[in-house]
Amino acid sequence: MLMTARGRLAQIEATLVPVAAVWVNGSFVTSVEEPGDIDIAVLINGPALPLMRTDAGLEPADAASRVRKCMEDRYEPGGTATSHLTDFRGIFWYPEGHPHYLASMSELDYWSAVWSRVQVRHGGHTGDDPSITLYDDSKGFVEVRWSS
């Protein structure tokens, strides 16, 4: 599971999408002996997106396509909503003072709140299923930062 996630991160880096950090979550960061999957939020460095185009000589459409693919490919190749090892979510990150800062903080706050809580299923499956109860902020997640 970890190697599959690391391989996916390497693929994202190879496309030159600027990654600021990743948040690791799911049963993978709990005391569960055999986690079902590893959930990862990929924080895309919004201010570095123009450099992706200029430094690599990419056409704007190609750069946009690479970012869009990063944002849309939730599961590993061959993985589905019910049979995946990794579940990736792309989130744009912008620093304070940037015009998109509030929107990015809203998105990050949402995922922080959801991923910090323990979820208990009462039947059914995930999604907008009302049979899931979110409990306190006792779980958290792991943030990993690096620079390329």
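Okay, so let's go over this structure. None of the values given here were measured: they were computed from a predicted structure.

**Some details on the side chain of Glu 76**
With respect to the element layout, Glu 76 can be found in the loop between helix 3 (60–72) and strand 3 (86–93). Of the side chains with opposite charge, Arg 8 comes closest to the buried, unpaired Glu 76, at an N-O distance of 4.5 Å. A polar atom in the side chain of Glu 76 sits 2.7 Å from the side chain of Thr 86. Sequence-distant contacts of Glu 76, defined by excluding residues within four places in its chain, comprise Thr 4, Arg 8, Ser 83, His 84, Leu 85 and Thr 86.

**Some words on the packing of helix 2 (residues 49–56) against helix 3**
The geometry of helix 2 relative to helix 3 is characterised by a closest axis approach of 10 Å and an angle of 130 degrees between their N-to-C directions. Viewed along their axes, helix 2 and helix 3 adopt a mutual orientation that is oblique. Considering only the axes of helix 2 and helix 3, their crossing is right-handed. Between helix 2 and helix 3, the residues in contact are Leu 49, Met 52 and Arg 53 and Pro 60, Ala 63, Arg 66 and Val 67, respectively.

Each value, and the rule that gives it
- Residues numbered from 1 in each chain as written.
- Predicted model: local features only at pLDDT ≥ 70, side-chain atom pairs only at ≥ 80, totals over all residues.
- Heavy atoms only, no water.
- Helix = DSSP H or I, 4+ residues; strand = E, 2+ residues; numbered from the N terminus.
- Buried < 20%, exposed > 50% of the residue type's maximum accessible area, 1.4 Å probe, protein only.
- Lys, Arg positive; Asp, Glu negative; His and termini not counted.
- Salt bridge = Lys/Arg side-chain N within 4 Å of Asp/Glu carboxyl O.
- Polar contact = N/O pair within 3.5 Å; in protein donor to acceptor, adjacent residues only side chain to side chain.
- Contact = heavy atoms within 4.5 Å.
- Axes fitted to C-alpha atoms, helices over the stretch in contact; angles between N-to-C directions.
- Parallel < 35°, antiparallel > 145°, perpendicular 65-115°, else oblique.
- Left-handed = near helix turned anticlockwise from the far one by under 90°.

Function cannot be read off these values alone, since they describe shape.
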